[in-house]
Amino acid sequence: MSFSNLGLSDKVLAAVAATGYTTPTPIQEQAIPHVLARRDVLGIAQTGTGKTAAFVLPMLTLLEKGRARARMPRTLILEPTRELAAQVKEQFDKYGAGQKLNVALLIGGVSFGDQDSKLMRGVDVLIATPGRLLDHTERGGLLLTGVELLVIDEADRMLDMGFIPDIERICKLVPFTRQTLFFTATMPPEISRITEAFLHNPARIEVSKPATTAVTVTQLQVPAGREAHDKREILRRLLRDAKDLNNAIIFCNRKREVAVLHKSLQKHGFSVGALHGDMDQSARTAALDQFRKGEIPLLVASDVAARGLDIPAVSHVFNFDVPHHPDDYVHRIGRTGRAGRTGTAISIVTSLDSKSMTAIEKLIGQPIPRAEGDFTVHNEASDEDAAPRRSRSREGSRDGARGGRKPRREREARHGEREPRHDQEPRQERAAKPEREPRHGRGSSPQAAPSHVPSIGRAEPRRPQREVDHEPADHSHLPAFLLRPVRARA
Ligand code: AMP
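Procedures and definitions
- Residues numbered from 1 in each chain as written.
- Predicted model: local features only at pLDDT ≥ 70, side-chain atom pairs only at ≥ 80, totals over all residues.
- Heavy atoms only, no water.
- Buried < 20%, exposed > 50% of the residue type's maximum accessible area, 1.4 Å probe, protein only.
- Helix = DSSP H or I, 4+ residues; strand = E, 2+ residues; numbered from the N terminus.
- Right-handed = clockwise from strand over helix to strand, strands pointing away.
- pLDDT = per-residue confidence, 0-100.
- Contact = heavy atoms within 4.5 Å.
- Axes fitted to C-alpha atoms, helices over the stretch in contact; angles between N-to-C directions.
- Parallel < 35°, antiparallel > 145°, perpendicular 65-115°, else oblique.
- Left-handed = near helix turned anticlockwise from the far one by under 90°.
- Nonpolar A, V, L, I, M, F, W, Y, C, P; charged D, E, K, R; others polar.
- 1 Å grid on protein atoms, 1.4 Å probe; cavity = no way out; pocket = protein on both sides within 12 Å on 5 of 7 lines; lining within 4 Å.
- Points joined across faces, edges and corners; volume = space filled by probe spheres on them.
- Core = buried A, V, L, I, M, F, W, Y, C linked by side-chain atoms within 4.5 Å.
- Expected span 1.5 Å × (residues − 1).

Participant: Where do I start with the pairing of strand S10 (residues 272-275) in this structure?
Facilitator: Where a strand is regular, its side chains alternate between the two sheet faces. Alternating residues of S10 divide into Val 272 and Ala 274 and Gly 273 and Leu 275, and every residue in both groups is buried. Handedness of the crossover joining S10 and strand S11 (residues 298-302) through helix H12 (residues 281-293) is recorded here as right-handed.

Rendered as structure tokens:
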């Protein structure tokens with residue numbers, strides 16, 4: 001199958017050829033003809049499948065006819081985060097370079113005035129996060145009655161972030177007769193309900209089983225104490241001892257933990273950036289750019305900020321916190337092992353995480369083996385790397401000084417999107433204890449490894465039989481200490 005068989009216009013085909021892509025991905029092959037035939041599409045596909053081009057390319061073809069009117073966009077794309085919205089715009093810029101289309105982004109963190117003047121000029125493609133979009137409609141600066149095509153992307157993520165009521169409101173503001181393209185990685189009941197309410201006889205396209213993890217990713221778990229500083233020490237050992245670590249994303253469950261860990265790693269000499277929903281847009285963009293270019297090899301991130309980002313060739317993913325939702329685990333570790341490359345995903349697991357780990361293992365259909373080694377933490381540390389509580393609360397009160405707690409919509413507009421509920425929960429964290437580097441050198445300890453830690457040989461992740469038969473185990477990408485033999489307790 002080639003792109004030329006899908007019904008795309010010559011201009012779009014030329015733009016695709018210029019990127020060097022010769023074969024459509026399965027979601028592109030199946031979705032594009034339906035989009036061009038003006039049919040609703042329900043695409044069950046994760047990021048990394050080429051799903052963005054599956055709607056961008058036919059939209060560009062359809063938009064060649066017709067003109068935009070002031071304040072009345074012709075098409076609307078809803079994205080859960082600013083970064084995803086910006087990524088979709090990049091694809092319009094790339095494939096639509098030969099067309100004179102007005103593509104506008106409506107995301108938080110950017111002035112209303114600039115966005116208003118863009119809307120006035122007439123917009124062919126409006127890419128928006130739900131909160132900022134509704135802000136504009138409420139101010140009367142935007143009419144959705146001219147929308148011919150609506151894309152709802154990453155719908156399950158929108159659900160996690162509490163955006164579904166906003167999506168329902170937006171769906172009622174666009175004409176009933178519009179075409180709707182709906183993409184989700186998973187199909188929880190709430191998402192099924194939405195698709196039944198807002199899609200009309202959609203072509204259902206499912207390109208990969210939801211919630212599967214790539215066989216090229218080696219998954220491991222490392223036991224840790226409950227204290228955040230224990231986990232930080234273990235993470236540092238993992239980072240220092242990791243073999244073939246080119247770059248890594250380190251996930252935390254909460255925005256505040258991202259900030260604390262980021263600061264801690266910097267203090268310990270790591271070159272690291274941070275990405276979470278409370279950072280201002282320029283800081284988020286800068287961190288992501290530096291990470292993409294390889295200028296900083298480590299990125300501490302929350303789920304919301306990192307979901308769906310196209311960052312090629314990440315060698316390692318660390319779960320500093322085990323995610324509460326098993327779907328998030330799949331998305332996180334999907335950042336590595338892309339396009340057939342090998343990757344390593346290591347989760348730091350405390351006794352509080354056992355329920356979450358059981359749910360994750362059930363979802364992915366395989367146990368996550370324990371890494372070999374001694375992870376005993378020696379607690380004689382200094383408090384140097386915990387973010388001082390007082391300064392954080394002062395940051396909070398600065399906001400207050402500017403006029404008290406703002407209405408939800410405004411807060412959201414400021415941050416671009418809401419973090420998922422679990423990211424917002426207040427955290428019962430004890431004051432961080434002092435911490436220091438392990439006395440016995442990097443990752444080593446004079447103590448014997450706990451006898452319950454299985455050896456890496458026994459712990460090799462279960463793979464489909466076919467692959468085990470033909471592939472010798474390759475541990476070259478694992479941290480060296482994970483490969484050391486186990487010493488049983490005397
Ligand atoms: P997405 O799932 O939209 O995030 O796309 C994932 C990656 O696949 C992006 O880097 C795209 O540029 C790339 N991509 C999209 N379509 C193709 C294609 N037909 N062939 C190869 N790569 C593609």
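Participant: Just checking my understanding: could you explain the confidence of the model for the chain for this structure?
Facilitator: A low pLDDT score tells you not to read the predicted coordinates there in detail. With 73% of its residues at a pLDDT of 70 or more, the chain has an overall mean of 78. Confidence over residues 380-490 falls short of pLDDT 50; this stretch has 227 contacts with residues more than four positions distant or in other chains.

Participant: How should the packing of helix H2 (residues 26-36) against helix H3 (residues 51-63) be read in this particular structure?
Facilitator: When two helices pack together, their arrangement is captured by the angle between the axes and the distance separating the axes. Where H2 meets H3, the closest approach of the two axes is 9 Å, and the angle between their N-to-C directions is 30 degrees. Accordingly, the angle class assigned to the pair H2 and H3 is roughly parallel. For H2 against H3, the interelement crossing comes out right-handed. Residues Ile 27, Gln 28, Ala 31, Ile 32, Val 35 and Leu 36 of H2 lie in contact with H3, whose contacting residues are Lys 51, Ala 53, Ala 54, Leu 57, Pro 58, Thr 61 and Leu 62. Considering only residue class, the contact of H2 with H3 consists of ten nonpolar, two polar and one charged.

Participant: What exactly am I supposed to notice about empty space enclosed by the protein here?
Facilitator: In this approach the atoms are scanned with a rolling probe the size of a water molecule, which exposes any empty space left behind. The final tally for this structure, using the stated rule, is three cavities of 30 Å³ or more. Taken as a whole, the second largest cavity spans an internal volume of roughly 50 Å³. Looking at the lining of the second largest cavity element by element, the count peaks at three residues for H3. Residue composition of the lining of the second largest cavity, grouped by class: four nonpolar, one polar and two charged.

Participant: Any chance you could explain unusual backbone geometry here in plain terms?
Facilitator: Keep in mind that most residues, glycine aside, have a negative phi and that most peptide bonds are trans. Its identity as a non-glycine residue notwithstanding, Arg 71 has a phi of 65 degrees, on the positive side. Relative to the helices and strands, Arg 71 is located in the loop between H3 and strand S2 (75-78). Using a relative accessible area of 25% as the deciding quantity, one classes Arg 71 as partly exposed. A positive phi is found at Asp 244, a non-glycine position, where the angle reads about 60 degrees.

Participant: Help me understand the nonpolar core, please; the structure alone is not making it clear to me.
Facilitator: Note on soluble globular proteins: their nonpolar side chains tend to be buried together. The biggest cluster of nonpolar side chains holds 37 residues, and the ones touching the most others in it are Leu 8, Phe 55, Leu 57, Ile 77 and Phe 92. Looking at this core, the elements with two or more residues in it are helix H1 (10-19), H2, H3, helix H4 (82-95), strand S4 (125-128), strand S5 (149-152) and strand S6 (179-184). Looking at this core element by element, the count peaks at eight residues for H3. Leu 57 has contacts with Phe 3, Leu 8, Val 12, Val 16, Ile 32 and Tyr 95, leaving out every residue within four places of it along the chain.

Participant: Sorry if this is basic, but what is going on with H4 here?
Facilitator: Side chains that are three or four residues apart share a direction in an α-helix, a result of its 3.6 residues per turn. Taking 1.5 Å of rise per residue, 14 residues should cover 20 Å, and H4 covers 20 Å from first to last C-alpha, within 8% of that figure. The element H4 is largely enclosed, with a buried count of ten among its 14 residues. Of all the positions in H4, only Arg 82, Glu 83, Leu 84, Ala 85, Gln 87, Val 88, Lys 89, Gln 91, Phe 92 and Tyr 95 are classed as buried.

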